[in-house]
Amino acid sequence: NTMADVTDPNIAEAYKAVRNDADETNWLVVGYETNKKLVLQAKGSGGMDELVSNLKEDSCNFAYTKVVSKDEETTRAKFVFITWIGENASVMRKGNMSVHVANIKSVIRDYTLELKASEKSDLSDDAILSAVKKVNY
């Protein structure tokens, strides 16, 4: 059985918080407690810089963030699902990610955009905003 355990209630709670307009939380990071168990590792309200500071070169994580995109008329919240595969993460862990992404998406269901990254520069505010702006709906 290659499925990951995503039953940590903190994951679902943080997901609801990120989606809740009344809550300041705007990102969460999920990581591995064991090879098969995913847990909430961090959450916060400091945007992408704070999210990225929780990603390590030797780790694999799933992350979720709220991005506010403004144009002339409207301000809209968009949600981004991120698969982080650190360059120095173990081969086995990297391999598991492609299977476990389906498990974590049973909890983190709604997002505008899905990104994969292994370089922190791919996850700057500007990079995320421009990616979100390309997805217009």
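Please refer to the structure placed before this passage.
Not measured: the values here are computed from a predicted model. Sequence order sets the numbering: in each chain, residues are counted from 1 along the sequence as written. The predicted nature of this model means local features are confined to residues of pLDDT at least 70 and side-chain atom pairs, given and counted, to a pLDDT of 80 or more, with totals for whole chains, interfaces and linings taken over all residues. Where side-chain values are given, they derive from all heavy atoms of the structure, hydrogens and water being excluded.

## As for the pairing of strand β1 (residues 27-32)
Only protein chains enter the accessibility calculation, which uses a 1.4 Å probe; a residue is then buried when its area is under 20% of its type maximum, exposed when over 50%, and partly exposed in between. Numbered from the N terminus, helices here are DSSP runs of H or I no shorter than four residues, and strands are runs of E no shorter than two. Of all six residues in β1, six are buried; the element is thus mostly enclosed. Summarising the sheet, β1 and strand β2 (residues 38-44) pair through six bridges and their orientation is antiparallel. Paired with Trp27 across the strands is Gly44, a residue of β2. In this structure, the hairpin formed by β1 and β2 is closed by a connection of five residues. When DSSP locates at least two bridges between a pair of strands, those strands are taken to pair. Summarising the sheet, β1 and strand β3 (residues 60-70) pair through four bridges and their orientation is antiparallel. In the sheet register, Leu28 faces β3, and the bridge partner there is Tyr64.

## What about helix α3 (residues 91-104)?
Multiply 1.5 Å by the residue count of a helix minus one, and that product is the helix's expected span. With 14 residues, α3 should cover 20 Å at 1.5 Å per step; its first-to-last C-alpha distance of 20 Å lies within 8% of that length. Within α3, burial applies to Arg93, Asn96, Met97, His100, Val101, Asn103 and Ile104. The contact criterion used is simple: two residues touch if any of their non-hydrogen atoms lie within 4.5 Å. Elements that come into contact with the buried residues of α3 comprise α1 (9-19), β1, β2, β3, β4 (75-85) and β5 (113-117).

## Re the pairing of β5
Side-chain alternation along β5 places Leu113, Leu115 and Ala117 on a buried face and Glu114 and Lys116 on a face that remains uncovered. With the strands pointing away from the viewer, any crossover whose connection runs clockwise from the first strand over the helix to the second is right-handed. Between the parallel pair β4 and β5, the chain is carried across by α3, and the sense of this crossover is right-handed.

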